[in-house]
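One-letter residues, chain by chain:
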Amino acid sequence: MSVITLRSASPVEDVRAGLTFDRTVPRQLVHRASVTEVFLTDGAQVAADRFLVGAQWPRQHAFHHPDESGHIDFMLLAETLRQAGIFLIHRFYDVPLNHHFVFKSLDLRVDDPAALRVRATPLGAVLDVTVTATAPGSRRFDARLDITVEVDGRPCAYGSLAVVVVDARRYELLRNRGRELDLDASPSTPAAPPSPATTPVIAGRRHTDVLLRTTADPADWLLHIDLHHPGYFEHPSDHVPGMMLLEAFRQAGHLTAGPGFRLASLRSRFMSFGELCRPVLIRAAAGPAGLLGLSAVQGERTLAQGEAVFNHA
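Structural notes, computed from the coordinates. Because the structure is predicted, anything quoted here is derived from the model rather than measured. (Residues numbered from 1 in each chain as written. Predicted model: local features only at pLDDT ≥ 70, side-chain atom pairs only at ≥ 80, totals over all residues. Heavy atoms only, no water.)

## Describing the overall build of the protein
Thought 1: Scanning the protein from N- to C-terminus turns up 4 helices and 12 strands.
Thought 2: Taking all 313 residues of the protein together, the buried fraction comes to 49%.
Thought 3: Looking at the protein alone, contacts between residues at least 24 apart form 67% of all its contacts between residues at least 6 apart.
Thought 4: Looking at the protein as shown, the accessible area adds up to about 15,500 Å², and 56% of this sits on carbon and sulfur atoms. (Helix = DSSP H or I, 4+ residues; strand = E, 2+ residues; numbered from the N terminus. Buried < 20%, exposed > 50% of the residue type's maximum accessible area, 1.4 Å probe, protein only. Contact = heavy atoms within 4.5 Å. Areas by Shrake-Rupley, 256 points an atom, 1.4 Å probe, with all protein chains shown as cover.)

See below:
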């Protein structure tokens, strides 16, 4: 008589199978005010520095719309990575909810867009995350997260982000570092609706979500900051949100690349806080090997830089 031994699933696969997708994680753990803006559903630790995170994306979102080919919005993926970083650091590293997250970089590359096509039901994903963290003191926590995005067990996108988390006192020091005093500056107020002549047409965005306004230089755009925008200012912010700058990069890239192209990868670095009361210019320039160079500039300061690749859709 032969004996058949059934090999059990690995611990990682056991955890993967146990992830739930029937409710979101608490909105406070991803720094969102609205439950509808939370895309994470669960998270579990599988090793000292490795985690699995469940996510679900809506078929349609208020401003993260599928592209012309029916694939989910690149920026919806980027926002999911951002939320995963905040969630894991709060949930598994005991960082208090009142600490401030200052993102230094966010990179994302989509290798298999077919896996990200919108279907008849909301798309679920698993993020396989490795965290490299240093915590020299209770008031500061530095971390890098490397992330593989899987849909139906199929790796389709890869990302990374770097963040420093600080208490209120250190945040004020960082926030005011290099800040120019301007006694005449006043908080921004929502601008009047721009005329069609100053609002470019950008793939995948409704009129109210177009962030760019034309300038005299065709390679420069003025960032339109609407403090009442339900996504970028879903909760109050004392600076220009990083996700707004990334979306502005995406829009500038589409205008530069032309119709029929899809954003395939974006590498971004954040260097300085952007003031809400001063103009921000978004610039795009073609670089070597098909790269598109992007920058956000406020006066003499560079707020962020990026490199993007656009492929034929």
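## Some points on the packing of aromatic side chains
The relation between two aromatic rings is expressed through the spacing of the ring centres and the mutual angle of the planes.
Thought 1: Counted by the stated rule, this structure contains 6 aromatic pairs.
Thought 2: Pairing Tyr 171 with Phe 273 gives two aromatic rings, centres 5.8 Å apart and planes at 85°, and the pair type is edge-to-face. On the criterion of sequence distance, the pair formed by Tyr 171 in helix α3 (residues 168-176) and Phe 273 in the loop between β9 (261-270) and β10 (281-286) is long-range, its members being 102 residues apart.
Thought 3: For Tyr 171, a relative accessible area of 5% puts it in the buried group.
Thought 4: Judged by its relative accessible area of 14%, Phe 273 falls in the buried class.
Thought 5: Grouping aromatic residues by their ring pairs yields a cluster made of Phe 51, Phe 87, Phe 92, Tyr 93 and Phe 141.
Thought 6: The ring of Phe 92 is capped by Arg 91, whose NZ or CZ atom sits 4.6 Å from the centre of that ring. (Phe/Tyr/Trp six-rings, centres within 6.5 Å; stacked < 30°, edge-to-face > 60°. Lys NZ or Arg CZ within 6 Å of the ring centre and 35° of its normal.)

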